[in-house]
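Chain by chain, the residues:
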Amino acid sequence: MLNSRLLRQFIAVAEELHYGRAALRAGIAQSPLSQAIQKLEAHVGTPLFIRNKRSVALTPAGKVFLEEAYQWLAYERVAIERAQHATNGEIGQLSMGYIGSAGYGFMPELIGRFRREYPQVKLRVFEMTTRDQLERLKARYLDVGMLRTPLAKDETLLASVPYQHDRLMAALPHNHRLARRKAISLRNLEHESFVAFARQHVPAAHAQLISACATAGFYPRIDQESAQVGSVIGLVAAGLSVALVPSNLRSLIHPKVRYVSLSDTTAFLSQEVGLAWRRDDANPALAAFLSVAKAMHQ
């Protein structure tokens, strides 16, 4: 029985307190308006108006019902606006993963800008390896990942774009014999103990270390492995090993670690980090995020 049209007709009568003026305002004839109000009163189960030949007034029940009618229509407007905002990606939820090194690269700026442009989107952000992100993306646990690209050719369910290229640098204990140099050759580390990103969790980074060292003419002695950037830097700081890490980690300052550039020109010292998402993901918040990322990357 109750609907927005009937409530607007009731409000017109309640505010005008005159059926003729209310009918003009509601865009219907006076007789159908009067019948509609009578049906509404029957549905509510109590009179909403006191009527006589000269005047119309609200009953106490009518005054309460008027306030509720205002609220009803306000909720209707909010529901419509929220639905429209959700369609435009302005509200909703977005789950994203990121590799640890991205946290010292483009990730903070990108997320910061997205939050400023879409403050009502709820973000859920998780640090995890590239492999874990790929699994969570395909399982629909994540909407977008910031991970190592390019993706394998058999990842047909996912789309990706490169976002940042970076070179590797050496992370050395602060008292290492090479720590004060501005640049070294990778071959200078031939006899060192390395901490590597774990083959099981970060296979691309693990393979990159081996390939870069092989190109320099030696096979690295890997004594420690870790899946997280912070742990790698911690092991270097403890003096247990040296490591190859992305150069954007220079902002990760540790008093017992020195970062030194590598003079080698091998392509294996360059790495790519990008964004990946499911091709069939229709989440409007994802489309909005990718739009912001594209605008920042241009």
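Since the structure is predicted, the reported quantities are computational estimates derived from the model, not experimental observations.

### Regarding the overall build of the protein chain
Assigned secondary structure in the protein chain consists of 9 helices and 12 strands. Against the globule reference of 19 Å for 298 residues, the protein chain gives a C-alpha radius of gyration of 32 Å, more extended than a compact globule. Seen through its principal axes, the protein chain has C-alpha atoms that stretch 105 × 40 × 30 Å. Evaluated residue by residue, the protein chain yields a buried proportion of 46% over its 298 residues. At a minimum sequence separation of 6, the contacts of the protein chain that also span at least 24 residues come to 72%. Only carbon and sulfur atoms are counted for the fraction: they give 52% of the accessible area of the protein chain, which is about 15700 Å². Of note, the protein chain has its 36 positive side-chain charges centred 3 Å away from the centre of its 25 negative side-chain charges.

### Here we look at the domain arrangement of the protein chain
Here the protein chain is described as being made up of domain 1 (4–83), domain 2 (91–163 + 272–297) and domain 3 (168–269). Placing a centre on the C-alpha atoms of domain 2 and another on those of domain 3 gives a separation of 27 Å. Here domain 2 meets domain 3 over a buried area of about 970 Å², counting both sides, of which 56% is carbon and sulfur. It is Tyr-104, Arg-131 and Arg-148 in domain 2 that bury the most area against domain 3; as a group they hold 58% of the surface buried on that side. Scanning the region where domain 2 abuts domain 3 turns up 2 residue pairs in polar contact (both at pLDDT 80 or more).

### Looking at unusual backbone geometry
The omega angle of the peptide bond from Thr-149 to Pro-150 is 5°, so this bond is cis rather than trans. Residue position: Pro-150 is located in the loop between β5 (144–149) and β6 (158–173). Phi is positive for Leu-17, which is not a glycine, with a value near 50°. Among the secondary structure elements, Leu-17 is positioned in the loop between α1 (4–16) and α2 (19–26). Here Leu-17 falls in the partly exposed class, since its relative accessible area comes to 35%.

### Details of the packing of aromatic side chains
On inspection of all chains with the given rule, the structure shows 6 aromatic pairs. Centre to centre, the rings of Phe-10 and Phe-65 are 5.1 Å apart; their planes meet at 85°, and the pair counts as edge-to-face. Taken as a pair, Phe-10 in helix α1 and Phe-65 in helix α4 (residues 60–87) lie far apart in primary sequence, 55 residues in all. With respect to burial, Phe-10 and Phe-65 carry one shared label: buried. Centroid distance Phe-106 to Tyr-163: 4.5 Å. Interplanar angle 40°. Geometry classified as tilted.

### A word on the UniProt feature "domain: HTH lysR-type" (unreviewed entry) in the protein chain
The UniProt record annotates "domain: HTH lysR-type" (unreviewed entry) at residues 2–59. End-to-end, the C-alpha atoms of residues 2–59 are 19 Å apart, and along that stretch the chain is 62% helix and 10% strand.

### Quick look at the side chain of Gln-271
For Gln-271, the location among the structural elements is in strand β12 (residues 270–278). By relative accessible area, which is 6% here, Gln-271 ends up buried. One polar contact links Gln-271 to Gln-208, side chain to side chain, over a distance of 3.4 Å.

### Let's talk about the packing of α1 against α2
Contact pair α1 / α2: the axes reach a minimum separation of 8 Å and the direction vectors enclose 140°. Relative to α2, the element α1 lies oblique. Of the two elements, α1 crosses α2, and the hand of that crossing is right-handed. The residues of α2 that touch α1, namely those facing Gln-9, Ile-11, Ala-12, Val-13, Glu-15 and Glu-16, are Tyr-19, Arg-21, Ala-22, Arg-25 and Ala-26. Broken down by class, the residue content of the contact of α1 with α2 amounts to 6 nonpolar, 1 polar and 4 charged.

### A short note on the pairing of strand β8 (residues 193–197)
In terms of burial, β8 is a largely internal element, 5 of the 5 residues being buried. Here β8 runs beside strand β9 (residues 221–226); their pairing, made up of 5 bridges, is parallel. Its bridge partner being in β9, Phe-194 is matched across the sheet by Ile-222. For the crossover that starts at β8, traverses helix α7 (residues 203–216) and ends in the parallel β9, the hand is right-handed.

### Looking at the pattern of salt bridges
Going through the model one piece at a time under the given rule, you end up with 12 salt bridges. When salt bridges with common partners are traced through the structure, they connect Glu-15, Glu-16, Arg-21 and Arg-25 into a single cluster.

### Comments concerning helix α5 (residues 107–117)
Counting along an α-helix, one turn takes 3.6 residues, and residues three or four places apart therefore face a common direction. Residues Met-107, Leu-110, Ile-111 and Phe-114 constitute the buried set of α5. Buried residues of α5, seen end-on, are gathered within an arc of 95° and therefore sit on one face of the element. Exposed residues pointing more than 90 degrees away from the buried face of α5 are listed as Glu-109 and Arg-116.

Reading the values: the criteria
Residues numbered from 1 in each chain as written. Predicted model: local features only at pLDDT ≥ 70, side-chain atom pairs only at ≥ 80, totals over all residues. Heavy atoms only, no water. Helix = DSSP H or I, 4+ residues; strand = E, 2+ residues; numbered from the N terminus. Rg over C-alpha atoms; globule rule 2.2 N^0.38 Å. Buried < 20%, exposed > 50% of the residue type's maximum accessible area, 1.4 Å probe, protein only. Contact = heavy atoms within 4.5 Å. Areas by Shrake-Rupley, 256 points an atom, 1.4 Å probe, with all protein chains shown as cover. Lys, Arg positive; Asp, Glu negative; His and termini not counted. Charge placed at Lys NZ, Arg CZ, Asp CG, Glu CD. Domains from an automatic or database assignment. Buried area = accessible area lost by both parts, 1.4 Å probe. Polar contact = N/O pair within 3.5 Å; in protein donor to acceptor, adjacent residues only side chain to side chain. Phe/Tyr/Trp six-rings, centres within 6.5 Å; stacked < 30°, edge-to-face > 60°. UniProt positions renumbered as here; feature names shortened; annotations may be inferred. Axes fitted to C-alpha atoms, helices over the stretch in contact; angles between N-to-C directions. Parallel < 35°, antiparallel > 145°, perpendicular 65-115°, else oblique. Left-handed = near helix turned anticlockwise from the far one by under 90°. Nonpolar A, V, L, I, M, F, W, Y, C, P; charged D, E, K, R; others polar. Pairing = 2+ DSSP bridges. Right-handed = clockwise from strand over helix to strand, strands pointing away. Salt bridge = Lys/Arg side-chain N within 4 Å of Asp/Glu carboxyl O. Arc of directions from axis to C-beta.

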